[in-house]
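# A structural walkthrough
Each chain is listed here by its residues.
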Amino acid sequence: MEQAQLDRLQQWFEAYVRTYNDIDEEGSRNILLKVEHTRKVCGIMELLAEGEGLTAEETRIAGAVALLHDVGRFPQFRRWRTFRDSDSDNHARLGIEVIRRHGLLDGLPDAERTLIEEAVRFHNLLALPLRFKSPTTLYIRLIRDADKLDIWRVFFDYFRQPDDLRPSAVTLGFPDLPEVTPACVAELAAGRIIRLEDVRVLNDFKLLQISWVYDLNFRSSYRLLQERGHIPALAATIPLDEPARQAVALAVAAIEKNAREYPQLTAST
Ligand SMILES: [Fe+2]
């Protein structure tokens, strides 16, 4: 992929999201959230690419993946007024529809188009399918990390805003009750990723996001997460009982350890 092709994709993206300008005020907060998210994910992707020593060509492909990974969010929100895939449709699949309908990757060699489409298609899987071999795996892992690194920011910003300015779809409609579900705490304490099906209240959803600490793929991701302090900030908004406090402390320790020791890309490929 040439730099000019990536530039054209960026111009397309800006024009595409402007077609969502006609939505109502509440809708536009949610649309804007995803526009802003996409821009930030692109920035994070550049940091990860640099941190992991990607080539210029790999960096451009990763940039295209970052730019396109959530394009399905726009038609999803317009049609269903939610970002919850289980109440609407898989936004990664919707993203592929947008990519193909607009012929976004038409000028690229088949191999590159496949890399980008597969990374978009599978960026939101709960766990990575093993059948994927490098190099597709590289981009799936990169976008999953870049995505999470910005979702932590989105979530934290949300809690700093007054109620009437909050983009309503961020918290997926979970009730904001003063409790945590012990099963979720137990998963986090065991170093496992909490499943959305186990989430009952908003605090559980926050724990789920903390449990993503166990699903990052690069040392650079852990470094960025540590630098940005998202996890302690998020944890400070949860009323933690003693088991939950310990589970969060383990997650924070895991970030510190992986920021120092996680195998670097050059060593693993
Ligand atoms: Fe995303």
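Residues numbered from 1 in each chain as written. Predicted model: local features only at pLDDT ≥ 70, side-chain atom pairs only at ≥ 80, totals over all residues. Heavy atoms only, no water.

### Topic: the nonpolar core
Residues Leu68, Ile116, Tyr139, Leu142, Leu207 and Ile210 are the most contacted members of the largest nonpolar core, which totals 86 residues. Sorting elements by how many residues they give to this core places helix H7 (residues 136-160) first, with twelve residues. Looking at this core, you find at least three residues from each of domain 1 (3-146) and domain 2 (174-268). Leu142 has contacts with Met45, Leu48, Leu54, Ala62 and Phe218, leaving out every residue within four places of it along the chain. (Core = buried A, V, L, I, M, F, W, Y, C linked by side-chain atoms within 4.5 Å. Buried < 20%, exposed > 50% of the residue type's maximum accessible area, 1.4 Å probe, protein only. Helix = DSSP H or I, 4+ residues; strand = E, 2+ residues; numbered from the N terminus. Domains from an automatic or database assignment. Contact = heavy atoms within 4.5 Å.)

### With respect to the pattern of salt bridges
The full count for this structure, using the stated rule, is 25 salt bridges. With its nearest N and O atoms 2.9 Å apart, the salt bridge here joins Asp24 to Arg81. Here Arg81 lies in the loop between helix H4 (73-80) and helix H5 (91-101) and Asp24 lies in the loop between helix H1 (3-18) and helix H2 (25-51), a separation of 57 residues in the sequence. Note on Asp24: relative accessible area 37%, which makes it partly exposed. Since its relative accessible area comes to 38%, Arg81 is described here as partly exposed. (Salt bridge = Lys/Arg side-chain N within 4 Å of Asp/Glu carboxyl O.)

### A short note on helix H6 (residues 110-121)
The end-to-end C-alpha separation of H6 is 16 Å, in line with the 16 Å expected for twelve residues at 1.5 Å each. Within H6 the residues assigned to the buried category are Glu112, Leu115, Ile116, Glu117, Ala119 and Val120. (Expected span 1.5 Å × (residues − 1).)

### A few points about the layout of surface pockets
Empty space within the largest pocket amounts to approximately 910 Å³. Forming the walls of the largest pocket are 33 residues, and the residues nearest its centre are Arg73, His91, Asn124, Leu196 and Trp212. When residues of the lining of the largest pocket are traced back to their parent elements, those giving at least two are H2, H7 and helix H9 (202-211). Ranked by residue count, the leading element in the lining of the largest pocket is H7, at six residues. Looking at side-chain class alone, the lining of the largest pocket contains 16 nonpolar, six polar and eleven charged residues. (1 Å grid on protein atoms, 1.4 Å probe; cavity = no way out; pocket = protein on both sides within 12 Å on 5 of 7 lines; lining within 4 Å. Points joined across faces, edges and corners; volume = space filled by probe spheres on them. Nonpolar A, V, L, I, M, F, W, Y, C, P; charged D, E, K, R; others polar.)

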